[in-house]
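Survey of secondary and tertiary structure
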Amino acid sequence: MPEIKVTPLGAGQDVGRSCILVSIAGKNVMLDCGMHMGYNDDRRFPDFSYITQNGRLTDFLDCVIISHFHLDHCGALPYFSEMVGYDGPIYMTHPTKAICPILLEDYRKITVDKKGETNFFTSQMIKDCMKKVVAVHLHQTVQVDDELEIKAYYAGHVLGAAMFQIKVGSESAVYTGDYNMTPDRHLGAAWIDKCRPNLLITESTYATTIRDSKRCRERDFLKKVHETVERGGKVLIPVFALGRAQELCILLETFWERMNLKAPIYFSTGLTEKANHYYKLFITWTNQKIRKTFVQRNMFEFKHIKAFDRAFADNPGPMVVFATPGMLHAGQSLQIFRKWAGNEKNMVIMPGYCVQGTVGHKILSGQRKLEMEGRQILEVKMQVEYMSFSAHADAKGIMQLVRQAEPDNVLLVHGEAKKMEFLKQKIEQEFHVNCYMPANGETVTLLTHPNIPVGISLGLLKREMALGLLPDAKKPKLMHGTLIMKDNNFRLVSSEQALKELGLAEHQLRFTCRVHIHDTRKEQETVLRVYSHLKSVLKAHSVQHLPDGSVMVESILIQATAHSEDPGTKVLLVSWTYQDEELGSYLTSLLKKGLPQAPS
Amino acid sequence: MKLYCLSGHPTLPCNVLKFKSTTIMLDCGLDMTSTLNFLPLPLVQSPRLSNLPGWTLKDGNTFLDKELKECSGHVFVDSVPEFCLPETELIDLSTVDVILISNYHCMMALPYITEHTGFTGTVYATEPTVQIGRLLMEELVNFIERVPKAQSASLWKNKEVQRLLPAPLKDAVEVSTWRRCYTMQEVNSALSKIQLVGYSQKIELFGAVQVTPLSSGYALGSSNWIIQSHYEKVSYVSGSSLLTTHPQPMDQASLKNSDVLILTGLTQIPTANPDGMVGEFCSNLALTVRNGGNVLVPCYPSGVIYDLLECLYQYIDSAGLSNIPFYFISPVANSSLEFAQIFAEWLCHNKQTKVYLPEPPFPHAELIQTNKLKHYPSIHGDFSNDFKQPCVVFTGHPSLRFGDVVHFMELWGKSSLNTVIFTEPDFSYLDALAPYQPLAMKCIYCPIDTRLNFIQVSKLLKEVQPLHVVCPEQYTQPPPAQSHRMDLMIDCQPPAMSYRRAEVLALPFKRRYEKIEIMPELADSLVPLEIKPGISLATVSAVLHTKDNKHVLQAPPRPSQPPASKKRKRVSDDIPDCKLLKPLLSGSIPVDQFVQTLEKHGFSDVKVEDTAKGHIVLLQEAETLIQIEEDSTHIICDNDEMLRVRLRDLVLKFLQKF
């Protein structure tokens, strides 16, 4: 029986290091190739030795698919392709292909230049890795090879984020990557058609959360920022350079404009301008409203938001700073945080999910004394706020996607085990499908029951369709044909055609039964009695009285002869071919019962 | 399979394909050459145009002088310009299921079709096609609506009257079906029926047919289409280019193995080399400007203009033109320049790479930034303040019948210092110029048509090898003006089938197979038998389910236990269904072995007689006779069903079932 196998190497009951192996109809696909923000050792990358101990990865994988540019989905890619070694195709959307190398380079710089690690991938490796990338359009069917095809759907999570359908013959799986089911200020909502995959692999970051209305969250956010700035405090918003940053920039920009505020807003990285430029050039990936108005007013040209300089952090007075990275695990956001943490007038707003082990995660879980490098203790007096602006689907959104795609099975990744458990139950209850949540390294095997496609000769199909115009539930009509299997070519043809094609002659098997009935009248009259009897019984059949004195029921011939010895007995000869076996057999038994007395 | 040909214009096609149970319109081109018969619509009152003499018949009859005006020996209709629509009577257009658009030039008749024929289907096109198509329509509507014309001439259209007119009016076809331009409301409604598609996206139509757009290399988002079922494939090639300009290159490989290839939209100027024309364009432009003259380039607001601006970007400084202002005047100029920059995914590799940096893919962004190129919605407003001469003006419409170009023709036509350079190939430049004669201005003809020429076509056809080629009749003979050029026509084997306006072609292929799916339970129950080496057979008896044009075979239901009801059984319940056919039989029966088998099964008095064609086996006691011949067996017996069935089954053992 054909099967689909799934093994997460990362993101199994966890967030971070997304990397999921899928085997479907003999094809092996790796979904995402991410790094884990919570680790600095070997655990930060997926364990690729699981795929093969000594063979080449290229021989084992048919393709790699990257869902979007976040590092927990693509951060291990240069390591995987250049250091472990993979030369096969890597698929991602155009915006992802454009932005991914920049984030990888940023990540490399922080790791190698700042932390001084060696044995990490180099800039050249990032370039070489990107050469293996094939960019895909939304909804384009990409033929990876003769059998394996993939197709991208809009996911809405960040610019260029996509869900991917993987299909071999009639078997298919969908991997959502990260997605968002509600449109926001700059992106549209994820969408997929009713593609009925055998398996839906979905993220489940917010498996148990039902978020309040976005408007309330935004109002809350603006209120907090505004209050802090009013009392002269500084607001730090750790973000990743691309994604939520643009969403919040648009939000603050419009608020500043409307309220005529003067406090400066800074964006902390050299990436800003570049990042916004990507949004301008890939505007077709943003939401309807921005796309419609971009000629008149480009939403990514900000008036109030300026580039940040390191020295500004010590400036007196209020300010708002967007700084990278988003989980306070390194870089500029962490530096600014250390500077501002001691002042209770200041505020840090965490707008997204933080992975375990990061400073962001620690302060969100209430820790106020942090051990920094060199045993230094940092006391956090500034206000810490968490506001979920991550563009992930919440529980309602995930259920909605399952409803849209109508999968046979669901598999949860990219979430915490406890929360997954809850969602799993909900999905199983509501949709009556199996739901799985494997841990890293654990394999889920699903049996599939694909139909087998064959070619049917049009003549046969049309004949059957013409007969089947009036479907009868009680007596389903059977069609009969011959399947010719030659090499890998399967054709269903009528039996006559099969015989003809193979150069075989038909062998006709005919039966003639003698039925004796008592009747003293002449043969012609006996025949007439037989005719009227059959006519009255077999209403749905063609019963004919032929000029030569015989009776035809469909293609069964009945003749009457005199008995050679007994003149009071007539012999009915009933003759039919094997194809009419049922009816022929029925007729003989019917006639054997005798004829009804003629009304006289 | 049939093809209904609704347009006679080879580059502005409109065909309807009937394939399986679907009706598919291929493109929706609008023939605008009809407007050449009309007087230009001036933006500013033009004394010259309004004082043209009315035209009178030879006998002095003046009843047409309000409608027809004469200019330098040509007669023009003084009326709102009208367009020649695709044929609407050949087929009931409300039965069209879908319309496939190949590029933005081939959708200009869309509002006429979707809004006025009862059309209820879906239109498929790529995003750049829709966005730029919208700009072209917007410009057209704007050009015509902003100069309202009181007069709508109709007298001249009368068949009796038209006969009396001079050429080309006399020979204009289907004038009664010519229509005025649509409104913006109709445009919006038509465009709302479009569903966006991406290259290589497979779109299912009613489960019967799959259509797929492929990159055609001609314009932003331009596509060829594959229309296929599991066993048949039709390729629709329309407006394709193998030159490296800005769009993504043409996808040729996917056109392979077509049963029929419909070929339209080849170059309209097969003798001109686009690269050479661009060179000539630049040098003529520079020459005029250096001599203090102005250059007018009548053009569409999108397409070749992007390439021209790119050439000029590289050329301006070296030619010493840095101080010459370039103006692009169109109601959609700004949108067109902006839209060009956001379709990274639809561009050629080089331009895509620029976007990854990230930089705008087209250098006109820099021309705008450095103030070398300025764009205006019309000559009114800001333009009149900024206007400096000498200058270069890009503006529409290329027919010279409406749009801002009319104003510049009137303004600059009298001076021989100025030059008008024709780059768009859609209109004969001599006809376009006719209502402006006599002209002092220089006229240069540099038509740039990047679509396939005949050499490229013959290479393409060799490469993709379709079984049959279908094309407009114009492509099956040399152009009328160059009748000796046998190389300027399609040459393929078998010869291309040609069509003309209002013709219906029966496409030459027969469908033989259809896809059906066998459910796994049924597949498991099949018993394949190897008949010949490598060929196996299995007889299939199954229930056919057909839904949404998909066919599935299911295992026959197990005979259910007769319900233990007390209801009296009716006679008819026993009557077998005659449509339940038994399989066919094949093979022959070896008499000796058959007799042995009979004996083994307890028939002791078997006798065999030879006949001319075979044998007769007699079972004397049972009064039964079995005639065995090469291809038939006949069992003749008394009405003893038990016996008959026993014999039947013994015979069947020797035969194969089909």
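Residues numbered from 1 in each chain as written. Chains lettered and ligands numbered in written order. Predicted model: local features only at pLDDT ≥ 70, side-chain atom pairs only at ≥ 80, totals over all residues. Heavy atoms only, no water.

1. Re the overall build of chain B
Short version of the rule: Only DSSP runs of H or I reaching four residues or more are called helices, and only runs of E reaching two or more are called strands; each is numbered from the N terminus. Atoms counted for the radius of gyration: C-alpha only. Globule rule: 2.2 Å times residue count to the power 0.38. We call a residue buried when its accessible area falls under 20% of the maximum for its residue type, exposed when it is over 50%, and partly exposed in between, using a 1.4 Å probe and counting protein chains only. A contact between two residues is defined here by any heavy atoms of the two lying within 4.5 Å. We get accessible surface area from the Shrake-Rupley algorithm with a probe of 1.4 Å; when it comes to residues, only the shown protein chains can shield them. When charges are counted, neither His nor the chain ends are considered; positive counts come from Lys and Arg and negative counts from Asp and Glu. The location of each charge is read from NZ of Lys, CZ of Arg, CG of Asp or CD of Glu.
When helices and strands are counted, chain B shows 17 helices and 32 strands. Relative to a compact globule of 658 residues, whose C-alpha radius of gyration would be 26 Å, chain B shows 36 Å and is clearly more extended. Along the first, second and third principal axes, the C-alpha atoms of chain B reach 120 × 70 × 60 Å. Of all 658 residues assigned to chain B, the portion counted as buried reaches 55%. In chain B, the share of contacts with a sequence separation of at least 24, taken over all contacts with a separation of at least 6, comes to 70%. Just so you have it, chain B exposes about 28,300 Å², and 50% of that area is on carbon and sulfur atoms. Taking the 58 positively charged and 70 negatively charged side chains of chain B as two groups, their mean positions are separated by 2 Å.

2. Overview of the interface of chain A and chain B
In plain terms, the rule: Buried area: the accessible area, evaluated with a 1.4 Å probe, that two parts lose upon being put together, summed over both parts. Under the rule applied, a polar contact is a pair of N or O atoms within 3.5 Å (in protein, one hydrogen donor and one hydrogen acceptor; residues adjacent in sequence only if both atoms are side-chain atoms). For this classification, the nonpolar set comprises Ala, Val, Leu, Ile, Met, Phe, Trp, Tyr, Cys and Pro, the charged set comprises Asp, Glu, Lys and Arg, and every other residue, Gly included, is treated as polar. DSSP bridges decide pairing: two strands pair if at least two such bridges lie between them.
With 87 residues of chain A at the interface, the matching set in chain B holds 94 residues. Both faces combined, the contact of chain A with chain B buries some 8,300 Å², and carbon together with sulfur accounts for 61% of it. Taken together, chain A and chain B are joined by 40 residue pairs in polar contact (both at pLDDT 80 or more). Residues of the side of chain A that touches chain B, tallied by class, amount to 42 nonpolar, 26 polar and 19 charged. Relative to strand 31 (residues 632-638) of chain B, strand 26 (residues 508-518) of chain A is paired through seven bridges, and the arrangement is parallel. Bridge pairing in strand 31 of chain B links Cys513 of chain A to Cys637 of chain B.

3. Brief notes about the state of the cysteines
All names here are of chain B. Here is the rule: Note on terminology: disulfide denotes any pair of cysteine sulfur atoms within 2.5 Å.
Inspection of every chain in the model, using the stated rule, returns zero disulfides over all chains. Left unpaired, Cys311 is separated from the closest cysteine sulfur, that of Cys282, by 5.3 Å. A residue is classified by how much of its surface remains accessible, and Cys311, at 24% relative accessible area, is partly exposed.

4. Here we look at the sheet that holds strand 19 (residues 442-445) of chain B
All names here are of chain B. The following threshold applies: For helices, the fitted line uses only the C-alpha atoms of the stretch in contact; every axis is such a line through C-alpha atoms, and the angle between N-to-C directions lies from 0 to 180 degrees.
Overall, parallel pairing links the six strands, which are arranged 16-15-17-14-18-19 in an open sheet. Looking at which strands have only one partner, the edges of the open sheet turn out to be strand 16 (373-376) and strand 19. Averaged over all adjacent pairs, the angle separating strand axes in this sheet is 20°, with direction ignored. With four bridges connecting them, strand 18 (residues 419-422) and strand 19 associate as parallel partners.

5. Things to note about helix 8 (residues 333-341) of chain B
The buried fraction of helix 8 of chain B is high, at seven of nine residues. For helix 8 of chain B, the set of buried residues is Ala333, Ser335, Ser336, Leu337, Phe339, Ala340 and Gln341 of chain B.

6. Details of the pairing of strand 25 (residues 489-493) of chain A
Residues and elements named next belong to chain A. Pairing geometry for strand 23 (residues 452-457) and strand 25, over two bridges, is parallel. Considered in strand 25, the bridge of Gly455 is made with Arg491. Pairing of strand 24 (residues 478-486) with strand 25, which is carried by five bridges, proceeds in the antiparallel orientation. Within the sheet, the bridge partner assigned to Thr482 lies in strand 25 and is Val493. Here strand 24 folds back onto strand 25 in antiparallel fashion, the turn holding two residues, of which Asp487 has a positive phi close to 50°.

7. Observations concerning the domain arrangement of chain A
Put simply, the rule reads: For the purposes of this description, domain bounds are those given by an automatic or database domain assignment.
Domain boundaries assigned for chain A yield domain 1 (3-210 + 391-447), domain 2 (214-386), domain 3 (454-468 + 478-502) and domain 4 (510-593). Between the C-alpha centres of domain 3 of chain A and domain 4 of chain A the distance comes to 34 Å.

8. Observations concerning the environment of Asp14 of chain A
Residue and element names in this part refer to chain A. By the secondary structure assignment, Asp14 is in the loop between strand 1 (3-10) and strand 2 (19-24). Through-space distance from the C-alpha of Asp14 to that of Tyr436 is 14 Å; in sequence the pair is 422 residues apart. At a separation of 3.0 Å, a polar atom in the side chain of Asp14 contacts the side chain of His36.

9. Regarding the packing of aromatic side chains
Filter applied, for reference: Any two rings among Phe, Tyr and Trp, with Trp reduced to its six-membered ring, count as a pair given centres within 6.5 Å; such a pair is stacked if its planes are under 30 degrees apart, edge-to-face if over 60, and tilted if neither. A positively charged side chain is recorded as over a ring if its NZ (Lys) or CZ (Arg) lies within 6 Å of the ring centre. The angle to the ring normal must also be within 35 degrees.
Counted by the stated rule, this structure contains 40 aromatic pairs over all chains. With a centroid separation of 5.0 Å and 55° between ring planes, the pair formed by Phe408 of chain B and Trp412 of chain B is classed as tilted. Here Trp412 of chain B and Phe408 of chain B lie together in helix 12 (residues 405-412), a separation of four residues that amounts to about one turn. In this structure, Lys351 of chain B packs its charged tip against the face of Phe362 of chain B, placed 4.9 Å from the ring centre. A cation over a ring is seen here: Arg644 of chain B above Phe511 of chain A, with NZ or CZ 4.7 Å from the ring centre.

10. Some words on the sheet that holds strand 28 (residues 551-553) of chain A
Strand order in the open sheet made by the nine strands is 27(A)-28(A)-29(A)-30(A)-26(A)-31(B)-30(B)-29(B)-28(B), with mixed pairing throughout. Either end of the sheet is taken by a strand with one partner, and the two such strands are strand 27 (543-545) of chain A together with strand 28 (606-610) of chain B. In this sheet, neighbouring strand axes are inclined to one another by 20° on average, regardless of whether the strands run parallel or antiparallel. Of the strand pairs in this sheet, strand 30 (residues 624-629) of chain B and strand 31 of chain B are connected by four bridges, and their pairing is antiparallel. The residue of strand 31 of chain B that forms the bridge with Ile626 of chain B is Ile635 of chain B. Running at roughly 170° to strand 30 (residues 569-577) of chain A, helix 17 (residues 581-592) of chain A makes contact with strand 26, strand 28, strand 29 (556-562) and strand 30 of chain A of the sheet.

11. A word on the pattern of salt bridges
Residues and elements named next belong to chain A. Let me state the cut-off plainly: When a carboxyl oxygen of Asp or Glu is within 4 Å of a side-chain nitrogen of Lys or Arg, the pair counts as a salt bridge.
For the coordinates displayed, the defined rule picks out 53 salt bridges over all chains. One salt bridge connects Asp87 with Arg56, and the closest N-O pair in it is separated by 3.8 Å. Of the two residues, Asp87 sits in the loop between helix 3 (77-85) and strand 5 (90-93) while Arg56 sits in the loop between strand 3 (27-31) and helix 1 (57-60), which places them 31 residues apart along the sequence. In this structure Asp87 comes out as partly exposed when scored by relative accessible area, which is 48%. Between Lys132 and Glu82 there is a salt bridge, and its shortest N-O distance comes to 2.8 Å. Here Glu82 lies in helix 3 and Lys132 lies in the loop between helix 5 (123-131) and strand 6 (133-136), a separation of 50 residues in the sequence.

12. Quick notes on the UniProt feature "domain: Beta-Casp" (unreviewed entry) in chain B
What counts is decided by this rule: UniProt positions are given in the numbering used here, feature names are shortened, and annotations may be inferred rather than shown by experiment.
Under the UniProt annotation, "domain: Beta-Casp" (unreviewed entry) lies at residues 305-433 of chain B. For residues 305-433 of chain B, the end-to-end C-alpha separation is 21 Å, with 40% helix and 12% strand making up the annotated structure.

13. Some details on the packing of helix 4 (residues 94-114) of chain A against helix 5 of chain A
For any two helices packed against each other, the geometry is given by the interaxial angle and the distance between the axes. All names here are of chain A. Just so we agree on the cut-off: Relative orientations are named as follows: roughly parallel for angles under 35 degrees, roughly antiparallel for angles over 145 degrees, roughly perpendicular for angles from 65 to 115 degrees, and oblique for any other angle. If you view the pair so one helix is near and one far, a crossing is left-handed when the near helix is turned anticlockwise from the far one by less than a right angle, and right-handed when it is turned clockwise.
Contact geometry for helix 4 and helix 5: axes closest at 10 Å, N-to-C directions at 160°. In terms of axis orientation, helix 4 runs roughly antiparallel to helix 5. Between helix 4 and helix 5 lies a crossing of right-handed hand. Across the interface between the two elements, Lys97, Cys100, Pro101, Leu104, Glu105 and Arg108 of helix 4 pack against Ser123, Ile126 and Met130 of helix 5.

14. Quick notes on the side chain of Asn409 of chain A
Residue and element names in this part refer to chain A. Checked against the element boundaries, Asn409 lands in strand 20 (residues 409-413). What makes Asn409 buried here is its relative accessible area of 9%. A distance of 3.0 Å separates a polar atom in the side chain of Asn409 from the backbone oxygen of Asn198. Each residue touching Asn409, except ones within four places of it in the same chain, is listed here: Asn198, Leu199, Leu200, Asn434, Tyr436 and Leu446.

15. A few points about the packing of helix 16 (residues 523-537) of chain A against helix 17 of chain A
Residues and elements named next belong to chain A. Contact geometry for helix 16 and helix 17: axes closest at 12 Å, N-to-C directions at 120°. Put simply, helix 16 runs oblique to helix 17. Both helix 16 and helix 17 take part in a crossing whose hand is right-handed. Each of Val530, His533, Leu534 and Val537 in helix 16 lies in contact with helix 17, whose residues at this interface are Tyr586, Leu587, Leu590 and Leu591. Considered class by class, the residues forming the contact of helix 16 with helix 17 number seven nonpolar, one polar and no charged.

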